[in-house]
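Observations on the three-dimensional arrangement
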Amino acid sequence: MSVEEIYQDMKAKLHDVVPDFELRYKAELAVEINRLKVEKNAVILGHNYMEPALYYSIPDYKGDSLGLSRKAAETDKDIIVFCGVKFMAETAKILNPQKTVLLPAEKAGCSLAESITAEDVRDLRARFPGVPVVTYVNTYADVKAECDICCTSSNAAAVVESLHSDTVIFVPDEYLARNVAQETGKHIIFPTKIPKAGVRSSTDLDYQIIGWQGRCEVHEKFTTEDIANVRAQFPDVVILAHPECSPAVVAASDFSGSTSAMIRYVEETSAPRYLLLTECAMGDNVAAENPDKEMLRLCSVRCPHMNQITMEDTLNALKYNRYVIEVPEDIRVRAARSVERMIAIG
Ligand code: 13P
Ligand code: SF4
């Protein structure tokens with residue numbers, strides 16, 4: 001597509017969201033990115049949190065963590081450029097050891113992935129022998145390598161149920177674990193850092209999910225007070241919360257699901273206005289796709305990691321082959337088992 005065609009395409013969707021001069025500038029970047037993408041036989045995967053101009057111009061596939069993991073597993077391209085954060089790019093590499101995986105911003109991390117180490121998981125295993133470990137995909141490869149199966153926000157309850165185990169260890173997102181416990185009717189505890197009385201066997205346990213106190217620095221900020229205030233001002237608003245929000249926030253909302261589930265919910269329902277309790281850029285993307293529906297935003301809450309991925313850096317990623325994601329082979333092989341097991345569940 002030419003600059004003019006991309007500009008017109010973006011304008012059709014984003015004229016109410018992004019100023020015209022910015023669309024023209026972004027269209028020029030998009031043409032260059034798309035040209036290099038073809039020249040280098042690359043695929044661009046874009047998470048739902050990408051800023052609107054990027055989201056609507058360069059990704060071959062857009063989606064949530066699970067959807068993009070699936071696309072990463074299926075691709076036959078030589079290079080995967082991941083417009084998302086590091087744990088997502090690492091998951092793509094885990095599934096594609098022969099391919100080059102590029103993350104446009106070297107330091108695009110995640111507070112959940114930072115909250116737990118491989119040693120922490122080994123310690124939990126030693127304290128609760130025989131208990132299967134589920135790890136949220138928002139973790140680094142060495143943590144995935146220590147667990148039995150991964151999950152994302154769209155299949156967490158199904159993954160826990162699939163284990164047919166009385167007790168599971170679920171790390172590292174405290175709120176997601178609490179929400180899954182509620183959904184599956186399981187009882188949850190959070191072990192203290194120092195075990196009180198030696199090792200217990202799984203048959204001694206009177207609880208069913210053993211959690212960890214990691215938090216998403218974005219979703220933990222939403223409160224039930226925010227919800228009450230918005231409902232008082234807009235009584236007809238429909239509120240959607242990501243399951244990384246607290247159980248109280250999820251309970252006070254009308255729907256909870258992964259980023260893609262939220263997008264589908266807005267598309268398939270017909271309320272006059274919606275509030276998305278998640279990264280703010282997604283509200284812009286959903287608004288662009290649903291011009292007849294009003295999106296309220298809480299835009300003081302941004303993900304500083306997702307926000308690092310820009311079109312300029314994506315262009316540089318393709319130009320200079322950077323930043324290359326590497327995962328040591330022994331870790332990759334063990335992490336791949338957990339990711340592939342998850343993908344098979346759906
Ligand atoms: P999804 O898998 O729902 O897209 O969530 C990823 C994420 O990082 C949410 O903050
Ligand atoms: Fe991590 Fe939260 Fe950002 Fe998602 S929104 S990448 S969970 S810090």
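Provided above is the structure to which this section pertains.
Right, let's walk through the structure included here.

Reading the values: rules and limits
- Residues numbered from 1 in each chain as written.
- Chains lettered and ligands numbered in written order.
- Predicted model: local features only at pLDDT ≥ 70, side-chain atom pairs only at ≥ 80, totals over all residues.
- Heavy atoms only, no water.
- Salt bridge = Lys/Arg side-chain N within 4 Å of Asp/Glu carboxyl O.
- Helix = DSSP H or I, 4+ residues; strand = E, 2+ residues; numbered from the N terminus.
- Pairing = 2+ DSSP bridges.
- Near = heavy atom within 4 Å.
- 1 Å grid on protein atoms, 1.4 Å probe; cavity = no way out; pocket = protein on both sides within 12 Å on 5 of 7 lines; lining within 4 Å.
- Sits in = over half its atoms within 2 Å of the grid points.
- Nonpolar A, V, L, I, M, F, W, Y, C, P; charged D, E, K, R; others polar.
- Core = buried A, V, L, I, M, F, W, Y, C linked by side-chain atoms within 4.5 Å.
- Buried < 20%, exposed > 50% of the residue type's maximum accessible area, 1.4 Å probe, protein only.
- Contact = heavy atoms within 4.5 Å.
- Right-handed = clockwise from strand over helix to strand, strands pointing away.
- Polar contact = N/O pair within 3.5 Å; in protein donor to acceptor, adjacent residues only side chain to side chain.
- Areas by Shrake-Rupley, 256 points an atom, 1.4 Å probe, with all protein chains shown as cover.
- Points joined across faces, edges and corners; volume = space filled by probe spheres on them.
- Phe/Tyr/Trp six-rings, centres within 6.5 Å; stacked < 30°, edge-to-face > 60°.
- Lys NZ or Arg CZ within 6 Å of the ring centre and 35° of its normal.
- Axes fitted to C-alpha atoms, helices over the stretch in contact; angles between N-to-C directions.

A look at the pattern of salt bridges
Two side chains bearing opposite charge may form a pair once their charged atoms approach each other closely. Inspection of every chain in the model, using the stated rule, returns 21 salt bridges. In this structure, Glu-146 and Arg-334 form a salt bridge, with 3.5 Å as the shortest nitrogen-oxygen distance. Here Arg-334 lies in helix H16 (residues 329-345) and Glu-146 lies in the loop between helix H8 (141-145) and strand E6 (149-151), a separation of 188 residues in the sequence. Two residues, Arg-302 and Glu-279, come together in a salt bridge whose shortest N-O distance is 3.3 Å. Taken together, the positions of Arg-302 in the loop between strand E13 (294-296) and helix H15 (311-320) and Glu-279 in the loop between strand E12 (273-277) and helix H14 (280-289) put the pair 23 residues apart, joining distant regions of the chain. Among the charged side chains, a network of salt bridges with common partners joins Glu-174, Arg-178, Arg-215 and Glu-220.

Here's the deal with the sheet that holds strand E8 (residues 188-189)
Sheet architecture is open: 5 strands sit in the order E6-E5-E7-E9-E8, paired in parallel fashion. Edge positions in the sheet fall to E6 and E8, since each of these pairs with one other strand and no more. Judged from the 2 bridges that link them, E8 and strand E9 (residues 209-210) form a sheet pairing that is parallel. Residue pairing in the sheet places Ile-189 in a bridge with Ile-210 of E9.

Describing the site of ligand 2
Looking at ligand 2, the residues that line it are Tyr-49, Cys-110, Ser-111, Leu-112, Asn-138, Cys-216, Val-218, Glu-244, Cys-303, His-305 and Met-306. Judged by its atoms lying within 2 Å of the grid points, ligand 2 is housed in the largest cavity. Classifying every residue of the shell around ligand 2 by side-chain character gives 7 nonpolar, 3 polar and 1 charged.

Things to note about the nonpolar core
In terms of nonpolar packing, the biggest core is built from 122 residues, with Val-134, Ile-169, Phe-170, Leu-277, Ile-309 and Met-311 touching the most fellow members. Non-local contacts of Val-134, meaning those with residues more than four positions away in its chain, are made with Ile-149, Cys-151, Val-159, Val-160, Leu-163, Ile-169, Phe-170 and Val-171.

A few points about the pairing of E12
In terms of residue burial, E12 counts as a mostly covered element, since 5 of its 5 residues are buried. The alternating pattern of E12 places Arg-273, Leu-275 and Leu-277 and Tyr-274 and Leu-276 on opposite faces, both of which are buried. As paired strands, strand E10 (residues 237-241) and E12 are joined by 5 bridges and run parallel to one another. In the strand pairing of E12, Ala-241 is matched with Leu-277. Note: E12 against E13, 3 bridges, orientation parallel. Within E13, the residue paired with Leu-275 across the bridge is Leu-296. Between the parallel pair E12 and E13, the chain is carried across by H14, and the sense of this crossover is right-handed.

Things to note about the site of ligand 1
In the vicinity of ligand 1, the contacting residues are His-47, Tyr-49, Asp-64, Ser-65, Asn-138, Ser-153, His-219, His-242, Glu-244, Ser-258 and Thr-259. Within the contact set of ligand 1, an oxygen atom lies 3.2 Å away from a side-chain nitrogen or oxygen of Tyr-49. Glu-244 places a polar side-chain atom, nitrogen or oxygen, 3.0 Å from an oxygen atom of ligand 1. Taken by itself ligand 1 offers 300 Å² of open surface, and the protein chains cover 96% of this. In this structure, ligand 1 is accommodated by the largest cavity.

Here we look at the layout of surface pockets
Space left empty within the atom packing is revealed by a probe, the size of a water molecule, rolled over the atoms. Within this model, the largest pocket holds a volume of roughly 310 Å³. Lining the largest pocket are 18 residues, with Ser-153, Asn-179, Glu-183, Pro-243 and Ser-256 positioned closest to its centre. Sorting the residues of the lining of the largest pocket by element identifies helix H9 (156-162), helix H10 (174-184) and helix H12 (247-252) as the ones contributing at least two each. The element that contributes the greatest number of residues to the lining of the largest pocket is H10, accounting for 5 residues. Residues of the lining of the largest pocket, tallied by class, amount to 9 nonpolar, 8 polar and 1 charged.

Points about the packing of aromatic side chains
Taken as a whole and assessed by the stated rule, the structure comprises 2 aromatic pairs. Directly above the aromatic system of Tyr-7 lies the positively charged group of Arg-24, at a separation of 3.9 Å from the ring centroid.

Considerations on the sheet that holds strand E1 (residues 42-47)
Ordered in space as E2-E1-E3-E4, the 4 strands form an open sheet in which the pairing is parallel. Of all the strands in the sheet, the pair left with one neighbour each is strand E2 (61-63) and strand E4 (100-102). On average, each strand axis in the sheet is tilted by 20 degrees relative to the strand beside it, whichever way the strands run. Across 5 bridges, E1 lies against strand E3 (residues 79-83) in parallel orientation. Each residue of the ladder has a partner; that of Ile-44, found in E3, is Val-81. Contacts between helix H4 (residues 65-74) and the sheet are confined to E1, E2 and E3, with E1 contributing the most and set at about 170 degrees to the helix.

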